[in-house]
Amino acid sequence: MPATAENLRELHQLHQRAKALRDRLTTGPKTLGSRQAALTSRKTALEDARKALQEAKVQLKKREHALQAQQAKIDDLKVKLNQVKKNDEYKALQNQIAHDKASMGNTEDEILNAYSEIEAQTAAVAKLEAEAQQFASDVAAFQTQMESQTGPQKLQLEEIEKAIAEAEAIIPEEQRDRYRRTIKQHGADALAPVEVDFKSHIGSCTGCYVTITPQCLNEVINAANLTFCKTCGRILYLAEEDHHHTRRTSS
Ligand SMILES: [Zn+2]
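The rules behind the values
Residues numbered from 1 in each chain as written. Predicted model: local features only at pLDDT ≥ 70, side-chain atom pairs only at ≥ 80, totals over all residues. Heavy atoms only, no water. Buried < 20%, exposed > 50% of the residue type's maximum accessible area, 1.4 Å probe, protein only. Helix = DSSP H or I, 4+ residues; strand = E, 2+ residues; numbered from the N terminus. Arc of directions from axis to C-beta. Contact = heavy atoms within 4.5 Å. Salt bridge = Lys/Arg side-chain N within 4 Å of Asp/Glu carboxyl O. Donors = N, O, S within 2.8 Å, 3.2 Å for Na, K, Ca; no water. Tetrahedral: all angles 85-135°; square planar, octahedral: opposite > 155°, others 65-115°. Pairing = 2+ DSSP bridges. Axes fitted to C-alpha atoms, helices over the stretch in contact; angles between N-to-C directions.

A. Inspection of helix α4 (residues 214-222) at higher detail. Along α4, the residues that are buried comprise Cys216, Leu217 and Val220. Across the axial projection of α4, the buried residues extend over an arc of 100°, all falling on one side. Turned more than 90 degrees away from the buried face of α4 sit Pro214, Gln215 and Asn222, all of them exposed. Lining the buried residues of α4 we find β1 (191-197), β2 (202-205), β3 (211-212), β4 (227-228) and β5 (235-238). Phi turns positive, to about 50°, at Ala223, one or two residues after α4.

B. Local environment of the pattern of salt bridges. Under the criterion given, the structure shown has nine salt bridges. For Glu64, the salt bridge goes to Lys61, with nearest N and O atoms at 3.7 Å. Linking Glu64 with Lys61, this pair stays in helix α1 (residues 5-83), spanning three residues, or about one helical turn. For Lys61, a relative accessible area of 47% translates into the label partly exposed. Between Glu131 and Lys127 there is a salt bridge whose closest N-O contact spans 3.3 Å. One end of the pair is Glu131 and the other is Lys127, both in helix α2 (residues 87-167) and four residues apart, which spans about a single turn. Glu131 gets classed as partly exposed once you look at its relative accessible area, which sits at 33%. Here the salt bridges do not stand alone but share partners, grouping Glu47, Arg50 and Glu129 into one network.

C. Just the coordination of the zinc ion, in detail. On the protein side, the zinc ion has Cys205 (SG), Cys208 (SG), Cys229 (SG) and Cys232 (SG) as donor atoms, found 2.2 to 2.3 Å from it. Relative to the metal, the four donor atoms surrounding the zinc ion lie at angles of 106 to 115°, and the coordination shape comes out tetrahedral. Every donor residue of the zinc ion comes from the same chain, spaced as C-x2-C-x20-C-x2-C. In this pair, Cys208 is assigned in the loop between β2 and β3 and Cys229 in the loop between β4 and β5, connecting sequence segments 21 residues apart.

D. Representation of the sheet that holds β5. Spatially, β3-β2-β1-β5-β4 is the arrangement adopted by the five strands of the open sheet, whose pairing is mixed. Each edge of the sheet is formed by a strand with only one pairing partner; in this case those strands are β3 and β4. Sheet strands touched by α1: β1 and β5. Its angle to β5, the strand with the most contacts, is close to 120°.

See below:
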């Protein structure tokens, strides 16, 4: 089996498919990990908001108790007011009552503010809860989908790796080492189609976009051995349209 453009193109496609599968197999768990981390921080934010709401309710209860105590104190003072005989004591009690009523007014304002804050906080917590729930089900769905794909993708990758090993039969024995080194260096991009302008007989490597020498181009067209780009070292083969062109013209 010779290292024709078709065979090399097929080998290149197999390497690219293997890379795409390997990428998916590694990015899936990474994406899941970052989504799970995001979910955890959302849940923490929700917990914090719940605690803050709980604390606000506790503070509200305290203010309501304080208001009751203030009212009871004023009621006591009013009873005393009816019992005092001396004018200056009466005045002092009146002042005290006026002062306590003002404090009560402040407490009432604080309670009203607390109610509206609690209302807003409750709505915010409900929103966070709904979002966290939606996000959790999205993450779970992503995980299920990812896990259901992992098995088939691994099998597919194994098949492609086998196909690569078989397709590598086209590599001449004496070029195997260099082929391996090139694959190691460039991965799935170790092979590059050559774009050819047949009118002027000029070809360029699509790996590095440098024009190749006419002699190099002839080697690529003859495809007896692997031809390596002198600039980037990639394995060259004729691009599909060029290949058809040569086939058409040579037949
Ligand atoms: Zn190149």
